[in-house]
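Take a look at the letters that make up each chain.
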Amino acid sequence: MAQTTSAQSAAPARFSDVKGWFWPADQLLFDWFLARQERQELHGDLLELGAYLGKSAIFMGSYLREDETFTVCDLFDSPAPDDPNSEEMDRSYATLTRRAFESNYLSFHDELPVVVQAPTSVIAGRVPASSCRFIHVDASHLYEHVHGDISAARSLIAPDGIVAFDDFRAEHCPGVAAAVWGAVATSGLRPIAITGTKMYGTWSDPAPAREELLTWLSGRSDMWHGVEEVAGSPLIRIDGKKAKSPAHPKSKHEGATPSTPKAKPPAPRQPLTRRLARTLLPRR
């Protein structure tokens, strides 16, 4: 049985209480891309590879429509399929359990997504091809696994769909950077924008989304942006250190005050004569 942790036992009262690395700039960009798809009436499923304790999944779940499916794939507390992946799990995600993820998610949504508790290598066989309008890749940091996740994302992404890659520029994840930039060079992946932690791209024409995103960014004072030529196409570079988060999904527990046990009533005081007798008379 998995050891119970505070992350598992305490229901989050606010979105900020959910542990994870999902910063305001990326929350804003997830919101922008997903809301844009709603405005365009672009339908399709949602997919997340690597969930940790559910912070970004909770956010994505707020944009799910009735005719769509949200699938989350993670090992959670299952054994990793190889030694390098097992070492990574032990080092970075020792407290991760499916129970904790589900508890967090259900604090914000009435129903769980489709949960695939398995290596992400199985996902292409669990999700229909070309069905996903938005995919978040945030699983293993090992090159071979990320390369496989990118191949799966390419087969599962719908026309004009968006894919977000986490940790593509983190110093402790060189395998992610190699796999993501390798896909740009060889698979037709077209970057649209990058933040301090994520790259957003598409295997379709990036120009419409890029132009609309530039217009949106020009009206924000909390997010610096610039445009650079990378791999023959413009790439928006965003500094979101001062970014202000959008409205978060509201927890079912938000505003609730924890119950405190009622104080026991004081014991009834004995009559004065009895108290004096107990004090002055010798004990037998």
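To be clear, the structure that these remarks concern was listed above.
In short, a report on the structure. (Residues numbered from 1 in each chain as written. Predicted model: local features only at pLDDT ≥ 70, side-chain atom pairs only at ≥ 80, totals over all residues. Heavy atoms only, no water.)

## Things to note about the nonpolar core
One finds F30, F33, F101, F134 and L213 to be the most contacted residues of the largest nonpolar core, which totals 42 residues. Listed by contribution, the elements that provide at least two residues to this core are α2 (24-39), α3 (55-61), β2 (70-74), α5 (98-106), β5 (157-166), β6 (190-194), α8 (207-218) and β9 (233-239). The contact partners of F134, leaving out residues within four places of it in the chain, are F30, F33, L34, Q37, D45, L46, L47, M60, I162 and A164. (Core = buried A, V, L, I, M, F, W, Y, C linked by side-chain atoms within 4.5 Å. Buried < 20%, exposed > 50% of the residue type's maximum accessible area, 1.4 Å probe, protein only. Helix = DSSP H or I, 4+ residues; strand = E, 2+ residues; numbered from the N terminus. Contact = heavy atoms within 4.5 Å.)

## Some details on α8
Relative to the 16 Å expected for 12 residues at 1.5 Å per residue, α8 spans 17 Å between its end C-alpha atoms, a close match to the ideal helical length. What α8 keeps buried is the set A209, R210, L213, L214 and L217. Angularly, the buried residues of α8 cover 135° about the axis, an arc narrow enough to put them on a single face. Within α8, the exposed residues directed more than 90 degrees away from the buried face are T215 and S218. If you follow the buried residues of α8, they end up packed against α2, β6, β8 (224-230) and β9. (Expected span 1.5 Å × (residues − 1). Arc of directions from axis to C-beta.)

## What about the packing of aromatic side chains?
By the definition in use, this model includes 15 aromatic pairs. On the numbers, 6.2 Å between centres and 85° between planes, the contact of F15 with F108 is edge-to-face. Of this pair, F15 sits in the loop between α1 (6-9) and α2 while F108 sits in the loop between α5 and β3 (114-117); the two residues are 93 residues apart in sequence, bridging distant segments of the chain. Ring centres of F70 and Y105 lie 6.4 Å apart, and the angle between their planes is 50°; on these two criteria the pair is classed as tilted. Here F70 is found in strand β2, whereas its partner Y105 is found in helix α5, with 35 residues between them in sequence. Accessibility classification places F70 together with Y105 in one group, the buried group. Each member of the aromatic cluster is reached from another via a ring pair, and the members are F15, F22, F30, W32, F33, F59, Y63, F108, F134, Y200 and W216. (Phe/Tyr/Trp six-rings, centres within 6.5 Å; stacked < 30°, edge-to-face > 60°.)

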